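Chain and residue survey
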Amino acid sequence: MAEKEVRHSVCALDCPDTCSLLINVDNGQGSRLRGNPDHPVTRGFLCGKVARYLDRQYSPQRLLQPLKRIGAKGEGRFQQISWDHALDEVATRLQQTSQDFGPESILPYSYAGTMGLLQGSGMDRRFFHRLGASRLDRTICASAGGAGLLQTLGSRYGTEPEQFIHSKLIIAWGANILGTNVHLWPFIVEARRNGAKLYVIDPVKNRTGSLADKFFPINPGSDLALALGLMHVIFRDGLEDKQYLNQHTSDADSLRTQAINYTPERVAQWTGISADDIVSLAHEYATVRPAVIRLNYGVQRSERGGAAFRAITMLPAITGSWKEVGGGLQATTSGAFQFDRASLELPTLQPHGIARLVNMSELGTALTKLSDPPVKAMVVYNSNPAAIAPNQNAVIKGMKREDLFTVVLEQFQTDTADYGDIVLPVTTFLEHTDLYLAYGHYHLQLARPALPRAGEVRSNTEIFRELAKLLGFTEPCFDESEDDMIRGLLRSGHPFLEGITLEELDQHHSIRLKVSAEGKPFLPFAEGGFGTPDGRARLSPEGLDYIPPIESRFGDQALKAKYPLEFITPKNDDSMNSTFGNQLAEDAQTATLWMHAEDALHRKINSGDWVRAFNSRGSLRLQVQVDGKVSPGVVMSPSVRWPKMARDKQNINFLTSERLTDIGGGPTFYSCLVQVEGCGD
Ligand SMILES: Nc1nc2c(c(=O)[nH]1)N[C@H]1C(S)=C(S)[C@@H](COP(=O)(O)OP(=O)(O)OC[C@H]3O[C@@H](n4cnc5c(=O)[nH]c(N)nc54)[C@H](O)[C@@H]3O)O[C@H]1N2
Ligand SMILES: Nc1nc2c(c(=O)[nH]1)N[C@H]1C(S)=C(S)[C@@H](COP(=O)(O)OP(=O)(O)OC[C@H]3O[C@@H](n4cnc5c(=O)[nH]c(N)nc54)[C@H](O)[C@@H]3O)O[C@H]1N2
Ligand code: SF4
Ligand SMILES: [Mo]
């Protein structure tokens, strides 16, 4: 590397913005990280977390050598060992486990610690497929919403962020834009400068809600009812786009019939939003043009989250808003990155046909109850299940099992790493090559290593490549270079990737997908063209009856009598799920419980008091804040802290359940009833 230079990189964190980064490198030492000013979405700035990423990169707490556990599981006592020793032990144990219990007794556990395609779904997938290990159903974040989008639109993409400047009404629906998608904000600021209004529908009045023109405090998990109420008013008052409905949708008439039942008055009871507000929101949404919905992921983490996603994504088809620049809806853009994933993951390597699928949102059950075969070995990478998975008591009980062999590939000594038998130190995104899609824009990016590696770290790709060798896998795919793996991904033949090559990516770092002609806005469904089999948006009302979540104020009344508060645990400003958890102070947001004054008074609790939030699954110590962020009956604490960093060694996922969403098999983190009581200190 030259003495002083500016290098390009890409933020690999699990965030819709996938920022283009510039880093100053001086004699191999990174000195300044900033947002690329030339990138159309990054526009020269970073979020607070990643602006300080070099602190993480150079943290004295980073794992730099392989470790072998010498203490009890979870205790955190390890000794350093060599890579040869570590990899030999992992290979031998996996081979033995496979022989004794069958390969499906081995479970990979990974999610989006890095969004990079190679480090997240490349050599690892090949390795586990070839081994015949259980497959992991990666449901922890977006599978309920994804299933909903596929049912209605048949595609997982929508309005591009750059077009929000043309909108006149922007609805942030379960979307904390300033907290989790901050690069959309400048486009909204520009739209508002031109007269647009921003409306926010959220149970929590966070920074985004506080800056809205109108804030609609919705009861958690009732979004399906609200969407049906809006449809009721739009159809009743003849505000639908009949031509669009006829030409580009199916089942509109049955939907209209279904919506008749969802009067504003009925919907008001469930949602907590007044009938008048529902009527005026419906009128404005249908008549202010163009209107766009930013539907983010919060809505899907409740029991009817999939149906809610289905219904909300029907709205722009009903009003014909897809036709307009600055109209439509964005829940994600990831479906436009149409790679040849099979060439990367090679599922055909599976020796005994398709292996069993284990839902990552039910890890506690998988580790404690699964049989035939039971899980005997788990390899964790890009994830921190001992913090982020629901029903932690079961997860920990499983991870403590003496007969479970656990390998953890990590940058830091997380709670999960404490349960590892072998811990392998890995690279950060500044140290390896990867290709990045985005779920909040349409720019494909490549990053080469920007910094020399710390200590003895290796990348996921290298580790799985070496394990494949040790297990005697001789297929040529285990020798394939990273560049060839990227070339394979790009060779799908899909028009959105047409002409994009690795060489071009190396030269430009970021390339807009060929979703529309250069300089022209992308209007995905202006003329129909939905991804459904008949090309029409599917408005079927089947499965769209609103049934309140079991764990909600209108759900199981016996449960509610014991645990009367609806507990939601949305994203934290200062961490990325549990990433950065090592840096969070004891009094961080993740130690705070927001509560309404009425609920506090009733329990003789004041702002600043320490309380216990609990239900039948667990109990957690938090400090109360009463400041109007949440409505009566709702409590909120941002997710998620490292349990071991807290005095009580717990986090909010000790309270959440393993109940799954209506479709997609997703977790229901935000359908969670609790009681709160003072606890002295
Ligand atoms: N700072 C920061 N940024 C992040 C992350 C992080 O941990 N920290 N995580 C990243 C990840 S993994 C993801 S998936 C994205 C998620 O990004 P978002 O979807 O924006 O994040 P959430 O906080 O899950 O939920 C969004 C909003 O939905 C609200 N909400 C909760 N329940 C309901 C409900 O029933 N109805 C409605 N209408 N709203 C509801 C929450 O209060 C929150 O304000 O963010 C990414 N960005
Ligand atoms: N209560 C509650 N729980 C939640 C949520 C919530 O809103 N509320 N959100 C859920 C959501 S949306 C998500 S996406 C999940 C996120 O869950 P996870 O995907 O597990 O995300 P993180 O907690 O960020 O942990 C990622 C880990 O990967 C590591 N890592 C980063 N890069 C690499 C790499 O290159 N190689 C390897 N081996 N490791 C790497 C990081 O150090 C970090 O410890 O959490 C879920 N849990
Ligand atoms: S976390 Fe998101 S906003 Fe922050 S730098 Fe990464 S991509 Fe950008
Ligand atoms: Mo997520």
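Above this note sits the structure.
Heads up: these notes are all about the structure in this document.

Analysis parameters
What you see as residue numbers is a count from 1 along each chain, following the sequence as written. Here chains are named by letter from A upward and ligands by number from 1 upward, in the order in which they appear as written. The model is predicted, so local features are restricted to residues of pLDDT at least 70 and side-chain atom pairs to those at 80 or more, both for listing and for counting; the totals for chains, interfaces and linings are taken over all residues. Side-chain figures throughout are based on the complete set of non-hydrogen atoms in the structure, without hydrogens or water. Proximity is defined per residue: any heavy atom of the residue falling within 4 Å of a molecule or strand makes that residue near it. Put simply, Ala, Val, Leu, Ile, Met, Phe, Trp, Tyr, Cys and Pro go in the nonpolar bin, Asp, Glu, Lys and Arg in the charged bin, and everything else, Gly too, in the polar bin. By the criteria applied, helices consist of DSSP H or I runs no shorter than four residues and strands consist of E runs no shorter than two, each listed in order from the N terminus. Residue exposure (1.4 Å probe, protein chains only): buried if accessible area is under 20% of the type maximum, exposed if over 50%, otherwise partly exposed. Two strands make a pair as long as DSSP finds a minimum of two bridges between them. Geometry is summarised by axes, namely lines fitted to C-alpha atoms with helices restricted to the contacting stretch, and by angles between N-to-C directions that run from 0 to 180 degrees. The term salt bridge refers to a pairing of a side-chain nitrogen on Lys or Arg with a carboxyl oxygen on Asp or Glu at a separation within 4 Å. Polar contact criterion, stated in full: a pair of N or O atoms within 3.5 Å, where within protein one must be able to donate a hydrogen and the other to accept it, and residues adjacent in sequence count only if both atoms are side-chain atoms. Working definition of accessibility: Shrake-Rupley area with a 1.4 Å probe, residue cover restricted to the visible protein chains. Start and end points for every domain follow an automatic or database-based domain assignment.

**Thoughts on the site of ligand 3**
Near ligand 3 the following residues occur: Cys11, Cys15, Asp17, Thr18, Cys19, Leu46, Cys47, Val50 and His183. Of the residues that constitute the shell around ligand 3, the class distribution is six nonpolar, two polar and one charged.

**Considering unusual backbone geometry**
Cis peptide bonds are those with omega within 30 degrees of zero, and the linkage from Arg289 to Pro290 qualifies with -15°. Looking at the element boundaries, Pro290 is found in the loop between helix H14 (275-287) and strand S12 (291-295). In this structure, the amide linkage connecting Asp372 to the following residue, Pro373, adopts the cis form with an omega of -10°. Of note, Pro373 is situated in the loop between helix H18 (363-369) and strand S15 (377-381). One non-glycine residue, Thr18, adopts positive backbone phi at about 30°. Since its relative accessible area comes to 2%, Thr18 is described here as buried.

**Some words on the sheet that holds S15**
To summarise the sheet geometry, strands pair through backbone hydrogen bonds and adopt either a parallel or an antiparallel arrangement. Ordered by their spatial adjacency, six strands build an open sheet running S5-S4-S17-S16-S15-S6, and the pairing between neighbours is mixed. At either margin of the open sheet sits one strand with a lone partner, and together these are strand S5 (78-80) and strand S6 (106-110). Sheet twist, expressed as the mean angle between neighbouring strand axes with direction ignored, is 20°.

**Looking at the pattern of salt bridges**
By the definition in use, this model includes 40 salt bridges. Lys68 is the salt-bridge partner of Glu89, the closest N and O atoms lying 2.9 Å from each other. With a gap of 21 residues between them, Glu89 in helix H3 (residues 83-101) and Lys68 in strand S4 (residues 67-69) connect regions that are remote in the sequence. Note on Lys68: relative accessible area 22%, which makes it partly exposed. Taken together, the salt bridges that share partners define one network made up of Asp124, Arg125, Arg341 and Glu345.

**Quick word on the site of ligand 1**
Inspection of the region around ligand 1 gives 32 residues, with Thr180, Asp202, Tyr297, Ser575 and Asn577 positioned closest. Backbone polar atom of Gly174 to an oxygen atom of ligand 1: 3.5 Å apart, as the coordinates give it. The contact in question runs from an oxygen atom of ligand 1 to an N or O atom on the side chain of Arg301, over 3.3 Å. Starting from 900 Å² of accessible surface for ligand 1 in isolation, the protein chains cover 99%. Taken together, the residues that form the shell around ligand 1 break down as 14 nonpolar, eleven polar and seven charged. Lining the shell around ligand 1 are residues from two domains, each supplying at least three of them: domain 3 (144-331) and domain 4 (557-678).

Function cannot be read off these values alone, since they describe shape.
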